[in-house]
Amino acid sequence: MKADQSLDCVGLYCPMPIVKTAEKIKELKPGEVLEVVADDKGIMQDMPAWCQATGQEFLGTEEKGGEIKVYVKKTRQ
Amino acid sequence: MAEKEKLTIVMFSGNLDQALAGFIIATTAASMGMAVSIFFTFWGLNIIKKNEGGIKSQGLMRKMLNFMNRGGSKRLKLSRFNMLGLGTAMMKRLMKEANYPSIDEFITMAHQMGVKLIACTTTCGIMGLEEGSFRSEVESLAGAAYFLGEARESKTTLFI
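The following paragraphs examine the structure supplied in this document. Every value quoted in this text rests on a predicted model; they were computed, and no experiment measured them.

What counts, and at which threshold
- Residues numbered from 1 in each chain as written.
- Chains lettered and ligands numbered in written order.
- Predicted model: local features only at pLDDT ≥ 70, side-chain atom pairs only at ≥ 80, totals over all residues.
- Heavy atoms only, no water.
- Pairing = 2+ DSSP bridges.
- Helix = DSSP H or I, 4+ residues; strand = E, 2+ residues; numbered from the N terminus.
- Axes fitted to C-alpha atoms, helices over the stretch in contact; angles between N-to-C directions.
- Contact = heavy atoms within 4.5 Å.
- Disulfide = S-S within 2.5 Å.
- Buried < 20%, exposed > 50% of the residue type's maximum accessible area, 1.4 Å probe, protein only.
- Buried area = accessible area lost by both parts, 1.4 Å probe.
- Salt bridge = Lys/Arg side-chain N within 4 Å of Asp/Glu carboxyl O.
- Polar contact = N/O pair within 3.5 Å; in protein donor to acceptor, adjacent residues only side chain to side chain.

A few words on the sheet that holds strand β4 (residues 67–73) of chain A. Consider a sheet: its strands pair through backbone hydrogen bonds, and that pairing is either parallel or antiparallel. All names here are of chain A. Read from one edge of the open sheet, four strands run β1-β2-β4-β3, paired in mixed fashion. Each end of this open sheet is capped by a strand with a single partner; those strands are β1 (5–9) and β3 (57–64). Here the strands of the sheet are splayed against their neighbours by 20° on average, with no regard to which way each runs. Running at roughly 5° to β4, helix α2 (residues 43–54) makes contact with β2 (33–38), β3 and β4 of the sheet.

Here we take up the state of the cysteines. Residues and elements named next belong to chain A. For the structure shown, the criterion picks out zero disulfides over all chains. Not engaged in a disulfide, the cysteine C9 finds its nearest cysteine sulfur in C14; these two sulfurs lie 12 Å apart. Its relative accessible area of 0% is what places C9 among the buried residues. Classification of C14 as partly exposed rests on a relative accessible area of 36%.

Here we take up the interface of chain B and chain A. Listed by partner, the interface residues are 14 residues for chain B and 14 residues for chain A. Of the roughly 1100 Å² buried between chain B and chain A, counting both surfaces, carbon and sulfur atoms make up 73%. On the surface where chain B and chain A come into contact, there are zero salt bridges. Counting across the interface, chain B meets chain A through two residue pairs in polar contact (both at pLDDT 80 or more). With four residues, the top contributor of residues to the side of chain B that touches chain A is helix α1 (residues 16–31) of chain B.

This is how it looks when you write it as structure tokens:
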């Protein structure tokens, strides 16, 4: 999946990927896509929940060899 | 978003592990756009005491209490397997190796994210603690009524 910006959260545990995503998303314009790369499996459940709470759009997950990529589309400020 | 959803946490315990749980939930909730308040009471006050110490309290018993119960985010112990500090030291080392924030860093982070840190006036009064006993991130001292006022408006309230 193509993303406008990427956030490296490899090696970080809950809640840091979510905390960093909340910070990073502020830099994006509405309509842009953020890719978050992580290796803590929790993100697969946490990111959809975060998107639901904040009103951003969860686009999906890609998992390859222990590396997890999740995609979030900024839909609101 | 209209009115922010609220989360109120009572931090009663002053143990490292429990403080960690409280701050993980608080910072996550703040990331999710919630308005978060943490009320520190009893042993929980140790988490927000200044690491440098220097608490001036009146009376022998209070002086003794604050001498033995010095507090500060860097002096918290595990609720289990403290083993005279060895267990706690090992846990802190594991957290560091995993690049995990310390309680100190969590307090700074929570404050920057707008989490309100409030110390309970009653326990402060009994234990002889003043506003100056606490680190600068602590917003105010308040009582049970203020907590209940916040809690009534909160969707989630936790007692840790």
